[in-house]
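Survey of secondary and tertiary structure
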Amino acid sequence: MTRRRKWLLGVLGVLIAAGGAFLWTFTAAPLPKPPPYPGELPKASPPAEMRLKKLATGVTHRSAAFAYRGGSFFDKRDFSMTAVLVEHPKGDLLIDTGLGRDVAAQLKYMPWAFRVTTSYSLWQTAAAQLDEAGYDRKKLRAIVLTHAHWDHASGVADLAGTPVWLSPEEKTFVRDGGWLSAVARKANGDYRAIIFDGGSYLGFEQSFDVYGDGSVVIVPAPGHTPGSVIVFVALPDGKRYAFVGDLVWQREGIFEREERPWLQRTLGDSDPKTVRVMILNLASLAARFPEMVIAPAHDARGFVDIPPLLH
Ligand SMILES: [Zn+2]
């Protein structure tokens, strides 16, 4: 064998090993199963008129392999871009906004590699759905962002004048987060930091009880972004929801404890180690309270029981 041939074979071997190692990062690797959460469900007394409505604004076209370790590249998943309206006599909330009117222009703030790997379908914006439903926007007390990434904040600009609540860390992230929070920053929303004055809640250290009746409780759950939150909702019929934002992208992230693959974790999460801790918190809640609906923002299966605002 000539030296040149040996060299080529060596390079080929290194490339195959690197490719194999990369593919391995997409294989299943469940986090260790935590014990069920030891406590009880916190008390809540939601008013009888309280309702949830969903506003599906569109999807991005992804795959299970993109979302979690062990997912297949052939398992196509349309990621939901859905806002949830909480109707409450003390003022309504909109949890995230989904895709907004300016989404095509907003994507231009993103790096080229992100744009070419992201395809979406915009159906109808949250603002347009509220208008079509004849909704009185004066009832909308605030938008609550689970975090400030583009596909959650895209519709903020369409709802100008509505306060936007986020955690203090996320407010800073909107300002300093570079392209990752460019859409939220350029929307110039009326961003207001939530004061978490409520002590521990379902294993999370801090909380904010929005109405003082336990019906909507927001907790910091950092990791995906520095100030991501989870919104816990208790309905008058006893049903409980945990809107977990992008802690995971699909339900397998919690129920199979499969975190995002290495590439997505590295590029998409501000602190993957803390994401892991939060996933295990949710997995322990899921084990203790199987009737609680855990709804990752981009998994339509978490929203099936919520009636749509329109139709
Ligand atoms: Zn996100």
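Residues numbered from 1 in each chain as written. Predicted model: local features only at pLDDT ≥ 70, side-chain atom pairs only at ≥ 80, totals over all residues. Heavy atoms only, no water.

What follows concerns the pairing of strand 9 (residues 216-220). Looking along a regular strand, one sees the side chains alternate between the two faces of the sheet. With five of five residues buried, strand 9 lies mostly within the body of the structure. Burial along strand 9 is two-sided: Val-216, Ile-218 and Pro-220 and Val-217 and Val-219, pointing in opposite directions, are all buried. In this sheet, strand 9 lies alongside strand 8 (residues 208-209) in antiparallel orientation, the contact comprising two bridges. From the neighbouring strand, Phe-208 faces strand 9, where its bridge partner is Ile-218. What sits between the antiparallel neighbours strand 8 and strand 9 is a turn of six residues, in which Gly-212 has the positive phi angle 75°. (Buried < 20%, exposed > 50% of the residue type's maximum accessible area, 1.4 Å probe, protein only. Helix = DSSP H or I, 4+ residues; strand = E, 2+ residues; numbered from the N terminus. Pairing = 2+ DSSP bridges.)

This part takes up the pattern of salt bridges. Per the counting criterion, the structure on display carries 16 salt bridges. Glu-87 is the partner of Lys-53 in a salt bridge, and the nearest nitrogen-oxygen pair spans 3.2 Å. Separated by 34 residues along the polypeptide, Lys-53 in strand 1 (residues 51-63) and Glu-87 in strand 2 (residues 76-87) bring together distant segments of the chain. The partner of Asp-131 in a salt bridge is Arg-137, and the shortest N-O contact between them spans 3.2 Å. You can call Asp-131 partly exposed: its relative accessible area is 46%. Using a relative accessible area of 31% as the deciding quantity, one classes Arg-137 as partly exposed. Each of Asp-75, Arg-77, Glu-252, Asp-299 and Arg-301 takes part in a single network of salt bridges with overlapping partners. (Salt bridge = Lys/Arg side-chain N within 4 Å of Asp/Glu carboxyl O.)

For the zinc ion, the protein coordination sphere consists of His-147 (NE2), His-149 (ND1), His-224 (NE2) and Asp-246 (OD), at 2.2 to 2.3 Å. Considering all four donor atoms around the zinc ion, angles at the metal cover 85 to 170° and the coordination shape is irregular. Within one chain, the residues serving as donors to the zinc ion are arranged as H-x1-H-x74-H-x21-D. Here His-224, found in the loop between strand 9 and strand 10 (229-234), pairs with Asp-246, found in the loop between strand 11 (240-245) and helix 9 (252-255); they are 22 residues apart in sequence, far enough to count as distant. Just as His-224 is buried, Asp-246 falls in that class too. (Donors = N, O, S within 2.8 Å, 3.2 Å for Na, K, Ca; no water. Tetrahedral: all angles 85-135°; square planar, octahedral: opposite > 155°, others 65-115°.)

Side chains of Met-1, Leu-9, Leu-12 and Ile-16 sit close together on the surface and give an oily, nonpolar patch of about 450 Å² of accessible area. Examined against the element boundaries, Met-1 turns out to sit in the segment before helix 1 (3-24). (Patch = residues over 30% accessible without salt bridge, like charges linked within 9 Å, V, L, I, M, F, W, Y side chains within 5 Å. Areas by Shrake-Rupley, 256 points an atom, 1.4 Å probe, with all protein chains shown as cover.)

Here Asp-96, not a glycine, exhibits a phi torsion of approximately 60°, which is positive. Structurally, Asp-96 can be placed in the loop between strand 3 (92-95) and helix 3 (103-106). Exposure remark for Asp-96: the relative accessible area of 4% places this residue in the buried category.

For the structure on display, the rule yields three cavities of 30 Å³ or more. A volume near 40 Å³ is recorded for the largest cavity. Along its surface, the largest cavity is lined by Thr-82, Val-84, Ile-95, Asp-96, Thr-146, Phe-243, Gly-245, Ala-295, Ala-297 and Phe-303. Those elements that provide at least two residues to the lining of the largest cavity are strand 2 and strand 11. A breakdown of the residues in the lining of the largest cavity according to their chemical character gives six nonpolar, three polar and one charged. (1 Å grid on protein atoms, 1.4 Å probe; cavity = no way out; pocket = protein on both sides within 12 Å on 5 of 7 lines; lining within 4 Å. Points joined across faces, edges and corners; volume = space filled by probe spheres on them. Nonpolar A, V, L, I, M, F, W, Y, C, P; charged D, E, K, R; others polar.)

Reading across from one edge, 8-9-10-11-12 is the order of the five strands in this open sheet, with mixed pairing throughout. Of all the strands in the sheet, the pair left with one neighbour each is strand 8 and strand 12 (293-296).

In this section: helix 11 (residues 272-288). For helix 11, with 17 residues, the first-to-last C-alpha span of 25 Å sits near the 24 Å given by 1.5 Å per residue. Along helix 11, the positions that sit buried rather than exposed are Val-275, Met-278, Ile-279, Asn-281, Leu-282, Ala-283, Ser-284, Leu-285 and Ala-286. On its buried face, helix 11 sits against strand 10, strand 11, helix 9 and strand 12. (Expected span 1.5 Å × (residues − 1). Contact = heavy atoms within 4.5 Å.)

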